[in-house]
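Tertiary structure, described
Residues per chain, in single letters:
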Amino acid sequence: MDPVLARIVDRVQDARLRRAPLEIRGGGTKAFYGEAPAGEPMDLTGLTGISSYEPTELVVTARAGTPLADLESELESQGQCLPFEPPRFAAGGTVGGMVAAGLSGPARATVGSVRDHLLGLTMLNGRAEVLTFGGQVTKNVAGYDVSRLMAGSWGILGVLCEVSLKVLPIPPARATLQFDWDESRALAQLKRWASQPLPITGNSWHDGRLCVRLAGARAAVSAACGKLGGAVQSPEAAVHWWSSLRDHTHEFFSLEDEALARGECLWRLSVPTTTAPITLPGRQLIEWNGAQRWWRGSAPAAEVRAAAAAAGGHATLVRGADKSSGAFTPANDVLMRIHRGLKQAFDPAGIFNPGRLYARL
Amino acid sequence: MSFMITHPSRDERQAEVVAALRDALPPECILFRREDTAPYECDGLTAYRTSPLAVAMPATEAQVAATLSVCHRMEVPVIARGAGTGLSGGALPHALGVILSLAKFNRIVKIDAEACTAVVQSGVRNLAISDAAAAYGLYYAPDPSSQIACTIGGNVAENSGGVHCLKYGLTLHNVLRVRGFMADGTAVEFGSEALDAPGLDLMPLVVGSEGMLAVTTEVTVKLIPKPLLARCIMASFDDVESAGAAVASVIARGIVPAGLELMDKAMTACVEGFVHADYDLKAAAILLCESDGTPEEVHEEIMRMEEVLTAAGATRLEVSRDETQRLRFWSGRKNAFPASGGISPDYMCMDSTIPRKRLAEMLRAIQQMEIKYGLRCVNVFHAGDGNLHPLILFDADEPDEMHRCELFGADILETSVRLGGTVTGEHGVGVEKLNSMCVQFSPAERAQFLAVKHAFDPRELLNPGKVIPSLQRCAEYGKMHVHGGMLPFPELPRF
């Protein structure tokens, strides 16, 4: 066994025997997201390297500690990309962290999520066993799809060691159109466009402006530009805009100490696309055809969660000084029973990232 | 192979279970006489048959809950069943179990053209969803070959694919929400009509779980806009290697075709006799390469595809002129299974996946196996995603052919694992590939699968004995290998 992996196995074995919780750590760029990390830090950044990459297979396999930036630049050199645009909240994020957090960027509504592009992985469970699920092929239904369960599990079920991802060619052409429309008009138009065969791969509404990104074959993008109208953004401005949403570098997402002290919070509401405009105190930024609505303001947690629930969705407290109401919305009783069963199945000693997703899990 | 438990208590047990089910269901929803339950003795894998204690056919969710609750209390295995088109024996009855038929859950609850979703009951046929959505210019993308008959509940159980999943994804990628019931009858919903739900993402476990984690009664699927145009290129190749290499070249050029399928010469001859689609019978392999989208997009992509295929050594290219011709190109591929039924008394369809680059190597290995096992094999592949469907031809009435066919199949699966692939791409493990699961997964991995099962169904009542082989079974299978690939007691059913 690889010596770096062997050390991690020993560490997990030791923690299991001592029943000493571990905080599984990659680049630490998402430590602010979710519930506070707890336990003895276990650094995975030594477990690096792209194990295999064959552009003609549209598959890349990388060890969990590989910097996301390294992976993305390797893919780019072959004209390919991670189509789900994982956020890079800061430099140093890792491939394992990307999968464990399960977060996706502006393209998510049309191309799918991290989970959708995960083909397989190798992990350690709480018994320090090295397990491989899924594989390096797109179609694979042998056994339960355990690898995709790990996407968005925040490390509570195991230590990710290596992951295989489906990658796609970078679209040959892109264009971003903007429209100065109010929220209702923007949402209504996005719905109409979503039901037509248009190469839309991202959209946002904020502060009275709708931005729509088109990507695909040259002919398709230029035909769609003609059909949709609006003002065409310069390529530089467009790249800047979408990465500011993807990486949360836009001022909307950054809550300085002062704002936090005032009790301001950043909320992510995940709702059905057809949800009518939501009214909460504060400012809003909408993505994913209306399925992801960011709110920034001082509304009480109960009010935000009630608004999301009324729409058939849920809310996550992404940034805020006081997360005592819980970062994530709890699942219902039946699902929580399954959550506890799965925790027991993968990590019977309860050593992995305790409380990172939900208290007592 | 027929399998029926006849020990004296079976009749008593049946009487007991049927009596209890009468508290949950109206009498006309319970079948238990042998002549009534006979149609449920097998699914699409007809070589395996078992008679169930009873068949329950609830019409409402309340009846599903009540049926499950009765079976849970009495510890009766429950096997959910849709149209029974599965090819791996996933819906094979348990001799002391109840078949839970969802045939009456055949209502399309809602087509929401604004949200681009459909809410359908689990017994709705795959194609019926697209038919209902057509009025809005939308359709449901996953298109397994059996789409005329198979149900969405079965698609969820198997994570079904189809010829267009290279571009549009599998069932998992096209399902937002699954509503159903746990083994004890508790109602449950996985996913939501938003793009994600709170907590762990349980959808990937449920989709593809072959009815072992929960029973599905209702599904919200994504609908996508119907492409304005689709055109298909039929390309001939002199040898299978260059056809395989052409597949890699298409992908390498950044093209993701809507469908990319390969048929070998034997298969082409077989389907040509069945559909008369003017296939090139001289070609060693035929590739079907499809582009869809806006007319501009398709025009541009078809040109690029033609360029790549020519450079890769295609000896003949034909681009579909219109929809009739395009459908004719596909007719052979879509009828590959029934056409094989026309040239051989029986056939067994395999379903492994390998990395695309190993395609030619795999085909050569299969040719060797034809000699080794003395049986013919015709091949269709979802070449774009490396999913193989070799059809092994045999005659069950000939002594030993079924047995050799099984060994041939197991050899294909084990070779696939060795080449970096998997034993099942889209048909599921069911009972058919239990032995091969011993090869693909370590004891610790199989134990982890079992632990996942327990998190959902601690009493192991939902479709027990499928998908995850027991430790004893794998030990026995390991021993069989020591004896030179010849199974001891080949006449015994092995599930």
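Residues numbered from 1 in each chain as written. Chains lettered and ligands numbered in written order. Predicted model: local features only at pLDDT ≥ 70, side-chain atom pairs only at ≥ 80, totals over all residues.

The strands that make up a sheet pair up through hydrogen bonds in the backbone, lying either parallel or antiparallel. Residue and element names in this part refer to chain A. Read across the sheet, 5 strands follow the order S3-S4-S8-S6-S7 without closing on themselves; strand pairing throughout is antiparallel. With one partner strand each, in any of the chains shown, strand S3 (50-54) and strand S7 (130-134) form the two edges of the open sheet. Here the strands of the sheet are splayed against their neighbours by 10° on average, with no regard to which way each runs. Across 5 bridges, strand S6 (residues 118-124) lies against S7 in antiparallel orientation. Looking at S7, one finds that Leu124 is bridged to Val130. (Pairing = 2+ DSSP bridges. Helix = DSSP H or I, 4+ residues; strand = E, 2+ residues; numbered from the N terminus. Axes fitted to C-alpha atoms, helices over the stretch in contact; angles between N-to-C directions.)

Residues and elements named next belong to chain B. Where strand S7 (residues 108-112) meets strand S8 (residues 117-121), 4 bridges bridge the pair, whose relative direction is antiparallel. Opposite Asp112, over in S8, you have Thr117 as the bridge partner. Between S7 and the antiparallel strand that follows it, S8, lie 4 residues; Cys116 among them carries a positive phi value of about 55°.

How big an interface is tends to be expressed through the accessible area that disappears when the partners come together. On the side of chain B, 78 residues touch chain A, which itself brings 69 residues to the contact. Put simply, the parts of the chain that give the side of chain A that touches chain B at least two residues each are helix H4 (108-111), helix H5 (114-117), S7, helix H6 (146-149), strand S9 (168-169), helix H7 (183-194), helix H8 (218-228) and helix H12 (333-346) of chain A. Among the elements that line the side of chain A that touches chain B, the one with the most residues is H12 of chain A, at 7 residues. Partitioned by chemical class, the residues of the side of chain A that touches chain B number 33 nonpolar, 25 polar and 11 charged. (Contact = placed C-beta atoms within 7 Å. Nonpolar A, V, L, I, M, F, W, Y, C, P; charged D, E, K, R; others polar.)

Now for the pairing of strand S14 (residues 229-237) of chain B. Residue and element names in this part refer to chain B. Extensive coverage of S14 is indicated by the burial of 7 of its 9 residues. Alignment of S14 against strand S16 (residues 285-293), held across 9 bridges, turns out to be antiparallel. Bridge pairing links Phe237 to Ala285 in S16. Across 4 bridges, the pairing between S14 and strand S17 (residues 316-319) is antiparallel. Note that in S17 the partner of Ser236 across the bridge is Arg316. (Buried ≥ 20, exposed ≤ 12 C-beta atoms within 10 Å, placed from the backbone.)

Honestly, it's all geometry; don't read function into it.
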